[in-house]
Amino acid sequence: DVKVTQSSRYLVKRTGEKVFLECVQDMDHENMFWYRQDPGLGLRLIYFSYDVKMKEKGDIPEGYSVSREKKERFSLILESASTNQTSMYLCASAGTGLFRDGNSPLHFGNGTRLTVT
Amino acid sequence: AQKVTQAQTEISVVEKEDVTLDCVYETRDTTYYLFWYKQPPSGELVFLIRRNSFDEQNEISGRYSWNFQKSTSSFNFTITASQVVDSAVYFCALSEADTDKLIFGTGTRLQVFP
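Per chain, the residues get numbers from 1 upward, laid out in the order the sequence is written. As a convention, the first chain written is A and the first ligand written is 1, with the rest following in written order. In keeping with the model being predicted, local features are shown solely for residues with a pLDDT of at least 70 and side-chain atom pairs are shown and tallied solely at 80 or more, while totals for entire chains, interfaces and linings include all residues. To obtain the side-chain values, all non-hydrogen atoms of the structure were used and water was disregarded.

K.L.:
Hey, could you go over unusual backbone geometry for me, with residue numbers and the actual values?
P.N.:
Residue and element names in this part refer to chain B. At Lys-16, a position not held by glycine, the phi torsion is positive, near 85°. Here Lys-16 is to be found in the loop between strand S2 (10-14) and strand S3 (19-21). A positive phi angle is found at Ser-73, which is not glycine, with a value near 50°. Under the DSSP-based scheme used, a helix requires at least four consecutive residues in state H or I and a strand at least two consecutive residues in state E, with every element numbered from the N terminus. One can find Ser-73 in the loop between strand S8 (64-69) and strand S9 (74-79).

K.L.:
Any details on the interface of chain A and chain B? Residues and values, ideally.
P.N.:
By the convention used here, residues are in contact when the closest approach between their heavy atoms is within 4.5 Å. Facing 23 residues of chain A, the contacting portion of chain B comprises 22 residues. A buried area of about 1900 Å², summed over both sides, lies between chain A and chain B, and 54% of it is on carbon and sulfur atoms. Here, a salt bridge means any Lys or Arg side-chain nitrogen found within 4 Å of an Asp or Glu carboxyl oxygen. Summed over the shared surface of chain A and chain B, the result is zero salt bridges. Polar contacts here mean pairs of N or O atoms no more than 3.5 Å apart (in protein, one a potential hydrogen donor and the other a potential acceptor; neighbouring residues in sequence count only if both atoms are side-chain atoms). Where chain A meets chain B, there are four residue pairs in polar contact (both at pLDDT 80 or more). Buried area is calculated as the accessible area (1.4 Å probe) missing from two parts once they are joined, with the contributions of both summed.

K.L.:
Tell me about the nonpolar core, and name the residues and values.
P.N.:
All names here are of chain B. Residues enter a nonpolar core if they are buried and are Ala, Val, Leu, Ile, Met, Phe, Trp, Tyr or Cys, with the set joined through side-chain atoms within 4.5 Å. Each residue is placed in one exposure class: buried if its accessible area under a 1.4 Å probe, protein chains only, is under 20% of its type's maximum, exposed if it is over 50%, and partly exposed if it falls in between. In this structure, Trp-36, Phe-77, Tyr-90 and Leu-110 are the most contacted members of the largest nonpolar core, which totals 23 residues. Mapped onto this core, the elements with two or more residues apiece are S2, S3, strand S5 (32-39), S8, S9, strand S10 (88-96) and strand S12 (108-113). If one sorts the elements of this core by residue count, S10 sits on top with four residues. Sequence-distant contacts of Leu-110, that is, excluding residues within four places in its chain, are made with Ile-11, Val-13, Val-19, Ile-79, Asp-86, Ser-87, Ala-88 and Tyr-90.

K.L.:
Account for the state of the cysteines, naming residues and giving values.
P.N.:
Here, a disulfide means two cysteine sulfur atoms that sit within 2.5 Å of each other. Applying the stated rule across the entire model yields two disulfides over all chains. There is a disulfide in this structure between Cys23(A) and Cys91(A), and the S-S distance comes to 1.9 Å. A torsion of -80° about the S-S bond marks the disulfide between Cys23(A) and Cys91(A) as left-handed. Separated by 68 residues along the polypeptide, Cys23(A) in strand S4 (residues 23-25) and Cys91(A) in strand S10 (residues 87-94) bring together distant segments of the chain. Here Cys23(B) is linked by a disulfide to Cys92(B), with a sulfur-sulfur distance of 1.9 Å. Classification of the bridge connecting Cys23(B) and Cys92(B) rests on its S-S torsion, roughly -65°, and on that basis the disulfide is left-handed. Residue Cys23(B) is found in the loop between S3 and strand S4 (24-26), and its partner Cys92(B) is found in strand S10; the two are separated by 69 residues along the sequence.

Here's what the structure looks like:
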């Protein structure tokens, strides 16, 4: 079974702090994603990565950056946390072919609930 | 632009009732993929089904069934004889053929009471 592990389940940070959210997958997947989930807004894509050192902006990248130095790890960085970044953050991974071959849907971690005070 | 609408924010049923979760999508592509995910209280999204735009056959998996209607751009999900363990947030999602992004709806929270 694919396992996507997010390092923290709950995190409380102060405004202005630099925050790192870590995600590790154990299935050698090429594709990794960061979403944020907010009530009434569903899941919104922040950034994704096709391969090591590659990244693409999603729909709401402002205020975030990412790092993918190793294939299994995809980090989300909040350079200067703000209260409007309080949210549930979900990491996901998928293998080559992604949605087209139907064999590799997105696999999600349990999420990190971040509170910025 | 692609969009997924789940108009039902929350549904409550009593155990053993049948319940249908609605999903309406918008896309300009002729090739696309539709998905349903379940998010139980533990938080992890669980993949339920994938459908491509050329396959309009309805699918049944145990108590779950899906009705894909291209004419109405809908991909509805029915749970027959609901159980308390079905309580979760359910997300419908869409991906177009030339992208590797999933666009999610806002989710429907289903509560099944004993």
